[in-house]
4 protein chains.
Amino acid sequence: MALLVEKTSSGREYKVKDMSQADFGRLEIELAEVEMPGLMSCRTEFGPSQPFKGARITGSLHMTIQTAVLIETLTALGAEVRWCSCNIFSTQDHAASAIARDSAAVFAWKGETLQEYWWCTERALDWGPGGGPDLIVDDGGDATLLIHEGVKAEEEFEKSGKIPDPASTDNAEFQIVLTIIRDGLKTDPKRYQKMKARLVGVSEETTTGVKRLYQMQESGTLLFPAINVNDSVTKSKFDNLYGCRHSLPDGLMRATDIMIAGKVAVVCGYGDVGKGCAAALKQAGARVIVTEIDPICALQALMEGIPVLTLEDALPEADIFVTTTGNKDIVMVDHMRKMKNNAIVCNIGHFDNEIDMHGLETFPGVKRITIKPQTDRWVFPDTKTGIIILAEGRLMNLGCATGHPSFVMSCSFTNQVIAQLELWKEKGSGKYEKKVYVLPKHLDEKVASLHLEKLGAKLTKLTPDQADYISVPVEGPYKPFHYRY
Amino acid sequence: MALLVEKTSSGREYKVKDMSQADFGRLEIELAEVEMPGLMSCRTEFGPSQPFKGARITGSLHMTIQTAVLIETLTALGAEVRWCSCNIFSTQDHAASAIARDSAAVFAWKGETLQEYWWCTERALDWGPGGGPDLIVDDGGDATLLIHEGVKAEEEFEKSGKIPDPASTDNAEFQIVLTIIRDGLKTDPKRYQKMKARLVGVSEETTTGVKRLYQMQESGTLLFPAINVNDSVTKSKFDNLYGCRHSLPDGLMRATDIMIAGKVAVVCGYGDVGKGCAAALKQAGARVIVTEIDPICALQALMEGIPVLTLEDALPEADIFVTTTGNKDIVMVDHMRKMKNNAIVCNIGHFDNEIDMHGLETFPGVKRITIKPQTDRWVFPDTKTGIIILAEGRLMNLGCATGHPSFVMSCSFTNQVIAQLELWKEKGSGKYEKKVYVLPKHLDEKVASLHLEKLGAKLTKLTPDQADYISVPVEGPYKPFHYRY
Amino acid sequence: MALLVEKTSSGREYKVKDMSQADFGRLEIELAEVEMPGLMSCRTEFGPSQPFKGARITGSLHMTIQTAVLIETLTALGAEVRWCSCNIFSTQDHAASAIARDSAAVFAWKGETLQEYWWCTERALDWGPGGGPDLIVDDGGDATLLIHEGVKAEEEFEKSGKIPDPASTDNAEFQIVLTIIRDGLKTDPKRYQKMKARLVGVSEETTTGVKRLYQMQESGTLLFPAINVNDSVTKSKFDNLYGCRHSLPDGLMRATDIMIAGKVAVVCGYGDVGKGCAAALKQAGARVIVTEIDPICALQALMEGIPVLTLEDALPEADIFVTTTGNKDIVMVDHMRKMKNNAIVCNIGHFDNEIDMHGLETFPGVKRITIKPQTDRWVFPDTKTGIIILAEGRLMNLGCATGHPSFVMSCSFTNQVIAQLELWKEKGSGKYEKKVYVLPKHLDEKVASLHLEKLGAKLTKLTPDQADYISVPVEGPYKPFHYRY
Amino acid sequence: MALLVEKTSSGREYKVKDMSQADFGRLEIELAEVEMPGLMSCRTEFGPSQPFKGARITGSLHMTIQTAVLIETLTALGAEVRWCSCNIFSTQDHAASAIARDSAAVFAWKGETLQEYWWCTERALDWGPGGGPDLIVDDGGDATLLIHEGVKAEEEFEKSGKIPDPASTDNAEFQIVLTIIRDGLKTDPKRYQKMKARLVGVSEETTTGVKRLYQMQESGTLLFPAINVNDSVTKSKFDNLYGCRHSLPDGLMRATDIMIAGKVAVVCGYGDVGKGCAAALKQAGARVIVTEIDPICALQALMEGIPVLTLEDALPEADIFVTTTGNKDIVMVDHMRKMKNNAIVCNIGHFDNEIDMHGLETFPGVKRITIKPQTDRWVFPDTKTGIIILAEGRLMNLGCATGHPSFVMSCSFTNQVIAQLELWKEKGSGKYEKKVYVLPKHLDEKVASLHLEKLGAKLTKLTPDQADYISVPVEGPYKPFHYRY
């Protein structure tokens, strides 16, 4: 795919797979709108006042149908938007083309190379000579990373004249990042510093991205305020848990058509994602085994009737392996060699390094047979048995299915909209320093309440007397900060 | 699609969508083989003795990957095979082409017209001048029907010279059947009688086909012996129940990406299929409502915490409607008009007449918007709200997903192989009259036992003393005929 | 307890533990009536016509609160009733005393010796000089057995003058039976033959009793007609399944207070009882392992995510063992010695011979520590570890808790009432021979329908057109005989 | 019951129901020890060093078998202990007598009057002339309350000579508290101040007690340090959730024998307790309805397929009502009047004021029929229908069953032991001010890890590289403070 920016008749830039899918994308966006009451409520509540008037928002977040509804909520509130995906496989091409045609500048397609991926990210951040975006919606932190690395390189260049050297790192992906920054330096040595100067803040979607932000906060290197959307209850306890409960079996079925009932499935990690996955597999009739490092999460698994063992214990009998840890080096090539023939190995946690893809790819004599895109059988030379890897080790729910369903993403994305509104409203006020913040509980509760009517729920109202008795306001928030839900 | 038979280089006839998908089909067939231990055991046990040597088998059964493994089990046992699908949407084109290329004559593709469908059925039955097949594998009874109607017409023609008149019926599909028979009469007035003469028997897969057979048995019109595979425990209590528990959510997710959690779902009918569907929806977090006519099944639903209401009661609040009844006129257009916007209506029971597709299609001013193949939004002119119909009212798990998974189909299809073996072995013995038979319990238990090792199970052995105590043979069968499991 | 019959002020015989509990019993009977809509409907429908006018009914069935409602339904329909329990631990003393005081002759208390047990059975059958009962309600077949053995002995005595010799058998319980018959012979050598002459028939409640009846039918020794109530769908698929799902955890909790979550539980047998037990344990958070001899039931367990192993495999890790097989010698003393300290061993299937109580009691040096009635810790001398046996190996739900709850027993007992009515109505008609019969399906469906309203259910009505389409009457029955539910 | 302190032969004070139950209590304590690995590990780890040597501990916490194991863990670590229950119905008399005989001074019996209850509390705090306890284990905060009120009264008395006037309050229970303080003032006007002076701190068990502590902290009136054990993850997410999931059905079954399957159950509140209750009821086959004030908890219920309605909506169809809110005035007498006949109303949340017991008791013409202790039917005069109240509106799992099972209480109580050890170790260090503290996460994780081996679990170990990657120590703690589990 030649990396050339195209333009709509109205002059908006884009780069997508196939513009002819825009009509199909539009139909699915319309269906999704009915399932995303939180976002649609934001349009109703905030649309008339156009709070994002004049704001430039860059998003780096899976370019799916659900994200399309998020983007068009931002534009409905007055924003200008540029978007890329945060995963090489997660773009839904019909969604990308509908948005590119109708609403925002999109640079995303399913099956990007890493080179293409970072090109898209850079395009999404590039608002022309006047600097970068005012706000970033980030997922995993790659947009944030690029700016931070860019600024670092520019400052180093100012100080010492040194330009970034891609050969200085072994990490193939980071080599690409350095190359982009290096090339940017040549055309504009203040490029990322101008971005930083303009940036009001970022709202970050996931555990992984949030962890990076807290590390930067701790080391004092965070360049702008950040809102941690991931730790809104209506995000982490919904999207991570119920989203994965839905999309893990969806991905398994679409990729392999395997009968889950009767199988032995190992879920590595029993955090929110692992809990959702284990629940889904158990309900579908699998015998689930969990691996954990944390004794509390382990004890939770046991209380649900799920044994906690090590991966080594489970290797000989398991049919399905799912990584959900947010850590690396979970399923190694030596594990894979000991698995049953056609054992399925997939990741729904974090990066593709949860599975030792590098070890697998470089294993002497290993043979890769692509059944269909995102479903590969890898055959070991000695045993002639094979394992099945989904989505090349990347997020299998996005690579093999369509990610989380609209309703639960409406919870997550309503948090995003509210976070963006808050950052933008307070842009000059000094309320937010270069730190990481979570949304206050009353906004978290608001996000939930926007999703109740669609499901036919009716809340009970506290009497003032009752509110007084438990020392909360009648209108909430109803729980202390540390409440665990 | 021009209805011309093609031929492989070896001279075998076929008509499929796209021969270039044969490699992909072969890869998926190889995966499925690992999941179908019953069929593979049959190959091991019976392959060497080639029991089907000389037998011609015609199959009319969803031409999927799983069926491909069935077909190649039949050929591995010595049979010659011709095949068509029993549903216009259920063919998997890559499976069809792999079989057409490698193993058997196939006439099937996804998305046949009714005209094409019956053309395929006739092709599968046409073994050339020497008459038809020796054996039929039927699903729903269409191959059986065609022969019975053909014979009836030929006998009438002999008697009275009358030829079948397609205009004599309102039923569009039956008009096609009569046209085929009429055209056949012209070329060979003994065509179907020759088929009947050769035919050893049929093994029938489903409830609907079985019902037709019993009706013919009762009216004395059944022309050859039939084995009712549907009522093997390892078929009806597995395929119908666990198969649908898997493939209903699979179809819903692939067709609509809707979040099932939180939704209200109505399952019409609580037989084996309904039980599987209700379990799947409940486990996915839906609130399930069941409609039933049978008080016993209704009480079973209640014992599982599922309310039993009428469809009318559930209309205003439900998001998903699934028909599983095996009856007709379950969800009528007047029901659909009262549903919520974007309510999903689908059928996993039987024919498309469970849903009033005719009423919908002919509703004045109704507008059909095809989101993607098998997923249509129908908008009513007065309310401007729409409902979403899956697979045009036909079996949604086959139309929108890939049908039941391999493992459970291995149970069903091992029954088919055993039934075909039995019919063929007894072809001259007079053991089977022109009646409907079920497989004896020890064969049913055998089918189950062939599937245990794959799932790591170990059976306990009765001691002779224990066997004596409960009055069963040590090796089984272990249950009386009427045992309900 | 001295075995003397007592009399109420009205002259009715009884022998119960403590008449002062009658008021408590009455209160619980009144609660149970609200939960037993099937029985109460029988009172409403049949009470006015007094169909049992003149009928003497003997019951041998757990003398619980639920049975009290059954007894008073029989008396409300005009019958005279005498009752004993069919298990030495299953009587609820307050129920027994309320019935003894108010409604029928009762001979039953919790904790009978075997001697006392058979004395009670004989009392319940003894209607004075005019012979025995007209009808028997039996559970396990002990009342039926006594008459059959009595008749056999009397005929032998007539023929050869030989009187039964208790020493002729090793079986301690059968020695008692023979003693009773021998003593009866001395006072009236036609005692049991007179009973047989009068008897119209028996309706039998359980799998075990039914098996005995079919064996007698087969050997031609059955002396009177029998209705197999156990195999009504509304009995075996409700009482056995849902009843045990409720009462197994109830018994475990009352007897041991053990936390089920996190434990490993072995369920021996996966029939209806085993399915209910496994479901209950799994839902409570246990890891369940099933043992099975039948490959079909084994495959069902696997489809629910439950591993199938042998008892030997499970010994080292399991905390709870439940026998549900209806067979003998399931958990032997050698198994028990290898269990974890304080493993719980209990039976909910059939007789106490599912567990090797004899082997345990006679194990050299074993020590029994009674924690409380029905909960014993047995300590092995070598390991000093112990296991916990519930209800001395007898039915733990009746011994340690209160048996099945009222609602599900209302299904079972409504079948009993209907069976008794049928036998009595047809007493002279010759409709029933000396064979075993099941109730026709329309009565089975009627039993179910009597229980729907209480749970707020609304059935859908077939249209005549729909009924015609599936070839059933509009009013049912809706299923063929072999339908498995 | 005359309120006279008795003494064991060794001179230890006590007041229990029946010393003859001590042997039975001892047997059950021994069983419980096997189920409480956390406490037994504490004995092994800390017993040799006798860290509580010289410490006086007063406990006010349900005097059950599980608490007995806690008490004997405290004494095994060197403490002297005095104990009372924190609920008038929760004492298990055999547990109380075994502890009174063998280990500690106990003042508790099942079915105390409120007068007796506070007498017991005062006895447990009275360590003789040298002041009160060094440490308090509190549940609900009544021991803490008595000291705070006592100190307040004494200070007021010093200042103004005013003595507390029981007539100054309408609250019957608070009148008793004031009476006790008043009478104490007369004998020793420094009694509670001396207690306060000696007290090192309190560890508090429940939500309700913790809330009181935070209120006192906020108002600056807290007199000594407090450790909030309730908010340890291994307490609130285990005891509240899994404990109630076990003990709610246990209580329902023991109290009413009702079949849960098929019933409609309303759970008021969907916090941890409500989640456990709803899960238990759903799994037992009930249709569950939740009422909630908090939109986030409401949305969680919906994601599990549980409808969220108001109590008013659910009144006409529900059979079982369970309050779990921690608030007051949840089920009012006007609600009860509109319920179905024999609807069950019970509380597992907090105090008896969740249910309007006062309104019920004073309803004109209402009639109370005691079925058995803790199970009352209340009949309304107009409708003649009744409802069934469990445990007089107090905690039904403790009143009608035996509370939470040993294993989950081992988690809670190991937190208590660790909290007490921490307070005692730091008694002079100034580490703890007059504030409320939670245990640090590494201790929380330790509690969990002490419970894994018993359930056969094996943890995975992080490599240093992995630990570094996610920025946690190899040995934990593994999660940030705000992690929700």
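Analysis parameters
Residues numbered from 1 in each chain as written. Chains lettered and ligands numbered in written order. Predicted model: local features only at pLDDT ≥ 70, side-chain atom pairs only at ≥ 80, totals over all residues. Heavy atoms only, no water. UniProt positions renumbered as here; feature names shortened; annotations may be inferred. Helix = DSSP H or I, 4+ residues; strand = E, 2+ residues; numbered from the N terminus. Rg over C-alpha atoms; globule rule 2.2 N^0.38 Å. Areas by Shrake-Rupley, 256 points an atom, 1.4 Å probe, with all protein chains shown as cover. Lys, Arg positive; Asp, Glu negative; His and termini not counted. Charge placed at Lys NZ, Arg CZ, Asp CG, Glu CD. Phe/Tyr/Trp six-rings, centres within 6.5 Å; stacked < 30°, edge-to-face > 60°. Buried < 20%, exposed > 50% of the residue type's maximum accessible area, 1.4 Å probe, protein only. Contact = heavy atoms within 4.5 Å. Buried area = accessible area lost by both parts, 1.4 Å probe. Salt bridge = Lys/Arg side-chain N within 4 Å of Asp/Glu carboxyl O. Polar contact = N/O pair within 3.5 Å; in protein donor to acceptor, adjacent residues only side chain to side chain. Nonpolar A, V, L, I, M, F, W, Y, C, P; charged D, E, K, R; others polar.

Going by the annotation in an unreviewed UniProt entry, the name recorded for chain A is Adenosylhomocysteinase, with Tetracentron sinense given as the source organism. Looking at the Catalytic activity (unreviewed entry) heading of the UniProt record, one finds this comment for chain A: "S-adenosyl-L-homocysteine + H2O = L-homocysteine + adenosine".

K.L.:
Quick rundown of the overall build of chain A? Include the residues and the values.
P.N.:
Secondary structure summary: chain A contains 19 helices and 16 strands in total. At 23 Å, chain A has a C-alpha radius of gyration in line with the 23 Å of a compact globule built from 485 residues. When the accessible area of chain A is evaluated, it comes to approximately 16,000 Å², of which 53% is carbon and sulfur surface. The averaged location of the 64 negative side-chain charges in chain A is 1 Å from the averaged location of its 54 positive side-chain charges.

K.L.:
Provide a residue-level description of the packing of aromatic side chains, including the pertinent values.
P.N.:
The description of an aromatic ring pair rests on the distance of the ring centres and on the angle between the ring planes. Residue and element names in this part refer to chain B. The tally for this structure, following the rule as stated, stands at 26 aromatic pairs over all chains. Ring centres 4.7 Å apart and planes at 80 degrees place the aromatic pair Tyr-432 and Tyr-437 in the edge-to-face group. Each member of the pair, Tyr-432 as well as Tyr-437, is classed as buried. Connected via pairs of aromatic rings, a cluster forms that spans Phe-107, Trp-109 and Trp-119.

K.L.:
Before we move on, could you go through the interface of chain D and chain C and cite the residues and values that matter?
P.N.:
At the junction of the two partners, chain D supplies 39 residues and chain C supplies 39 residues. The contact between chain D and chain C buries some 3,400 Å² in all, and 58% of this surface belongs to carbon and sulfur atoms. The interface formed by chain D and chain C holds six salt bridges in total. Notably, a salt bridge pairs Glu35(C) with Lys263(D), separated by 2.7 Å at the nearest N-O pair. Here chain D is connected to chain C by eleven residue pairs in polar contact (both at pLDDT 80 or more). Among the elements of the structure, helix H1 (22-35), helix H10 (233-256), strand E13 (367-372) and helix H17 (406-425) of chain D are those that each provide at least two residues to the side of chain D that touches chain C. For the side of chain D that touches chain C, the class distribution of residues is 18 nonpolar, nine polar and twelve charged.

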